[in-house]
Amino acid sequence: MKKILIIDDEQDICTLLKKFFSKNGFDAFTASTGKEGIKKIEDSDLDLVICDFKLPDYTGLEILQKIKIIKPSIQVIIITGYSDVRIAVDALKKGAFDYVTKPLYPEEILLTAERALETEHVEKKTSTKKVRQISGKAFITGTSRQSQGVQKHIDLIAPTDMSVIILGETGTGKEYAARAIHQKSKRKNSPFIAVDCGALPKDLAGSALFGHEKGAFTGAISEKKGCFELATGGTLFLDEIGNLTYENQIQLLRVLQEQVVKRVGGVKDIPVDVRVLVATNESLTELINSDEFREDIYHRLNEFKIELTPLRERPDDVALFASHFLEASNLELNKNVSGFDNQVSEIFRSYYWHGNLRELKNVVKRAVLLCQSDTIDESCLPPEIIEPQLGQSGELQIVFDGAIPSSLKEVAEAAEKSAIIEMLNQTNNNKSKTAKLLDVDRKTLYNKLKAYNIDI
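To start, this report covers the structure provided alongside it. (Residues numbered from 1 in each chain as written. Predicted model: local features only at pLDDT ≥ 70, side-chain atom pairs only at ≥ 80, totals over all residues. Heavy atoms only, no water.)

**What to know about the nonpolar core**
Residues F228, L236, L238, I241, F293 and L301 are the most contacted members of the largest nonpolar core, which totals 34 residues. Filtering out sequence-adjacent residues up to four positions away, I241 remains in contact with C197, L252, V278, A279, T280, L284, F293 and L301. (Core = buried A, V, L, I, M, F, W, Y, C linked by side-chain atoms within 4.5 Å. Buried < 20%, exposed > 50% of the residue type's maximum accessible area, 1.4 Å probe, protein only. Contact = heavy atoms within 4.5 Å.)

Rendered as structure tokens:
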């Protein structure tokens with residue numbers, strides 16, 4: 001029986017979800033604070049944690065980061081208000097499996113939980129955390145000029161063995177583009193291994209990428225192949241490459257240059273034959289300038305570059321992708337919704353889509369779940385999609401923490417903090433670009449982030 005922990009300070013939600021999951025064959029536990037939840041995670045052999053983003057003592061991101069240190073195999077689903085969707089997208093980058101938005105629908109959470117546990121099962125079979133061997137997922141080409149350009153680049157580069165850097169915001173489909181390259185290459189019948197470098201715990205990243213020998217460190221009870229060995233003959237996709245530590249970057253450079261790996265705790269070189277594709281939502285050149293990424297690795301990887309445009313900048317593609325996600329959701333939820341009414345189609349076309357294709361996919365799946373007729377109408381959409389809040393399309397919304405400000409200084413600080421957060425959202429947390437747009441240097445921005453406790 002799978003064990004699940006629900007962390008939420010709203011007792012009604014905890015009680016409802018515990019009863020629902022228990023009824024559906026889970027061994028369910030609850031906690032009302034982050035501290036209580038962490039204690040249960042340490043003491044119990046859990047498979048899944050469902051955690052509200054806003055707790056009395058911790059945020060969902062803080063809980064997520066603690067879980068990835070304590071027991072990285074546990075899958076995490078974040079509960080959030082829809083207005084916090086950009087925070088939820090950040091949680092995905094840091095290792096959450098998915099997020100669900102309020103109001104909660106138990107059937108939706110159950111479906112998400114089952115998918116998370118299926119993914120956990122696949123990961124355990126490969127013995128490599130945060131590694132996915134993907135099959136059967138199609139890359140859908142949009143009709144916009146930008147999408148057609150990307151497809152031409154994929155067709156051009158796929159038959160070669162050149163390394164590729166794929167650029168794009170979170171949720172734009174970088175992994176799907178990488179898989180499309182693999183499927184059109186001479187390596188298509190060999191493994192395609194995807195690794196989220198941003199979700200790898202720093203002390204285990206070397207083991208996940210390069211493998212380890214028995215006894216190499218505490219907990220290494222047997223030898224393990226790393227991602228390069230698992231992908232040999234095929235393609236290795238390293239997502240969020242900029243998150244690798246300096247030490248792992250050095251090891252990566254050696255693999256790229258010599259096509260051999262040395263496991264953690266090992267002494268012999270193991271030959272590998274791997275095509276490497278990487279992705280990032282940050283500028284690697286800016287990371288190089290700030291000494292966060294090695295220039296020699298960049299030049300090794302930068303044999304070809306593909307940039308994926310945000311969904312909001314190619315509205316002609318929205319209807320096509322919405323229809324694709326509708327078809328997939330019908331199959332997954334065993335429903336037969338035929339399409340979207342004209343009002344919904346126009347809302348989709350004009351919405352900002354901070355989370356890009358991933359956000360659109362979640363909105364469509366949720367709408368299919370709620371739809372009681374043949375066509376999805378406004379009543380099936382979250383209110384924030386129908387009436388976007390200030391700040392969702394570039395307008396500044398000043399947020400005060402706590403009571404009404406007592407001085408102009410507090411007002412100015414609140415405005416400054418809100419401006420930084422909004423600009424980070426607009427640049428997808430690119431600190432260099434944010435500093436430039438705010439007309440400050442990077443050091444000043446870093447000081448402000450620390451002063452205002454802005455975690456990115």
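**Things to note about helix α3 (residues 60-70)**
Among all positions in α3, only G60, L61, I63, L64, I67 and K68 are buried. Taken end-on, α3 shows its buried residues confined to a sector of 160°, consistent with a single buried face. (Helix = DSSP H or I, 4+ residues; strand = E, 2+ residues; numbered from the N terminus. Arc of directions from axis to C-beta.)

**Looking at empty space enclosed by the protein**
Evaluation of the coordinates by the stated rule reveals three cavities of 30 Å³ or more. Its boundaries defined by the atoms lining it, the largest cavity holds a volume of some 100 Å³. Those elements that provide at least two residues to the lining of the largest cavity are β5 (98-102), α5 (106-126) and α15 (356-370). Looking at side-chain class alone, the lining of the largest cavity contains four nonpolar, three polar and five charged residues. As a volume, the second largest cavity reaches approximately 50 Å³. (1 Å grid on protein atoms, 1.4 Å probe; cavity = no way out; pocket = protein on both sides within 12 Å on 5 of 7 lines; lining within 4 Å. Points joined across faces, edges and corners; volume = space filled by probe spheres on them. Nonpolar A, V, L, I, M, F, W, Y, C, P; charged D, E, K, R; others polar.)

**Structural notes on unusual backbone geometry**
The phi dihedral of E240 falls on the positive side, at around 50°, and the residue is not glycine. Examined against the element boundaries, E240 turns out to sit in the loop between β9 (235-239) and α10 (246-258). Backbone geometry places Q259, a non-glycine residue, at a positive phi of 55°. Structurally, the position occupied by Q259 is in the loop between α10 and β10 (260-261).

**Details of the packing of aromatic side chains**
A complete count under the given rule lists eight aromatic pairs for this structure. Judged by centre distance (6.5 Å) and plane angle (15°), the rings of F192 and F237 are stacked. Of this pair, F192 sits in strand β8 (residues 192-196) while F237 sits in strand β9, and the two are 45 residues apart along the sequence. For the pair F321 and F325, a centre-to-centre distance of 6.4 Å together with 35° between the ring planes defines the contact as tilted. Note that F321 and F325 are positioned in helix α13 (residues 318-333) at a spacing of four residues, about one turn of the helix. (Phe/Tyr/Trp six-rings, centres within 6.5 Å; stacked < 30°, edge-to-face > 60°.)

**What about the environment of C371?**
Of note, C371 is situated in the loop between α15 and β15 (375-376). Taking C-alpha positions, C371 is 9.5 Å from L381, a pair spaced 10 residues apart along the chain. Not counting residues up to four positions away in its chain, the partners in contact with C371 are K335, V337, I376 and C380.

**Observations regarding the pairing of strand β4 (residues 75-81)**
Of all seven residues in β4, six are buried; the element is thus mostly enclosed. Where strand β3 (residues 48-52) and β4 come together, five bridges link them in parallel fashion. Pairing of I50 across the sheet is with I77, part of β4. In this sheet, β5 lies alongside β4 in parallel orientation, the contact comprising five bridges. Within β5, the position partnered with I78 by the bridge is Y99. (Pairing = 2+ DSSP bridges.)

**Points about helix α7 (residues 174-183)**
Where burial is concerned, most of α7 is hidden: eight out of the 10 residues are buried. Buried within α7 we find K174, E175, A177, A178, R179, A180, I181 and H182.

**Overview of the state of the cysteines**
Under the criterion given, the structure shown has zero disulfides. Residue C14 stays outside any disulfide, its sulfur separated by 9.9 Å from that of C51, the closest cysteine. The cysteine C371 is free of any disulfide, with C380 supplying the nearest cysteine sulfur at 4.4 Å. C371 sits in the buried class, given a relative accessible area of 3%. (Disulfide = S-S within 2.5 Å.)

**Description of the sheet that holds β5**
Pairing between the strands of a sheet comes from backbone hydrogen bonds, and it takes one of two forms, parallel or antiparallel. Read across the sheet, five strands follow the order β2-β1-β3-β4-β5 without closing on themselves; strand pairing throughout is parallel. Strand pairing shows two members of the sheet lacking a second neighbour, β2 (27-31) and β5, which therefore form its edges. For this sheet the average axis-to-axis angle between neighbouring strands, irrespective of direction, equals 20°. Sitting on the sheet, α3 touches β1 (3-7), β3 and β4, and the angle it makes with β3 is about 160°. (Axes fitted to C-alpha atoms, helices over the stretch in contact; angles between N-to-C directions.)

**What to know about the pattern of salt bridges**
Tallied over the entire structure, the rule returns 19 salt bridges. For D273, the salt bridge is made with R187, and the minimal N-O distance between the two is 2.8 Å. With D273 in the loop between β11 (270-271) and β12 (275-280) and R187 in the loop between α7 and β8, the pair connects residues that are 86 residues apart, well separated along the chain. According to the relative accessible area criterion, D273 is partly exposed, its value standing at 37%. Relative accessible area serves as the criterion here: at 7%, R187 is assigned to the buried category. Notably, a salt bridge pairs R254 with D269, separated by 2.9 Å at the nearest N-O pair. Of this pair, R254 sits in helix α10 while D269 sits in the loop between β10 and β11, and the two are 15 residues apart along the sequence. On the basis of relative accessible area, R254 is assigned to the partly exposed category, the value being 27%. Here the residues in one salt-bridge network are D161, K186, R187 and D273, joined through shared partners. (Salt bridge = Lys/Arg side-chain N within 4 Å of Asp/Glu carboxyl O.)

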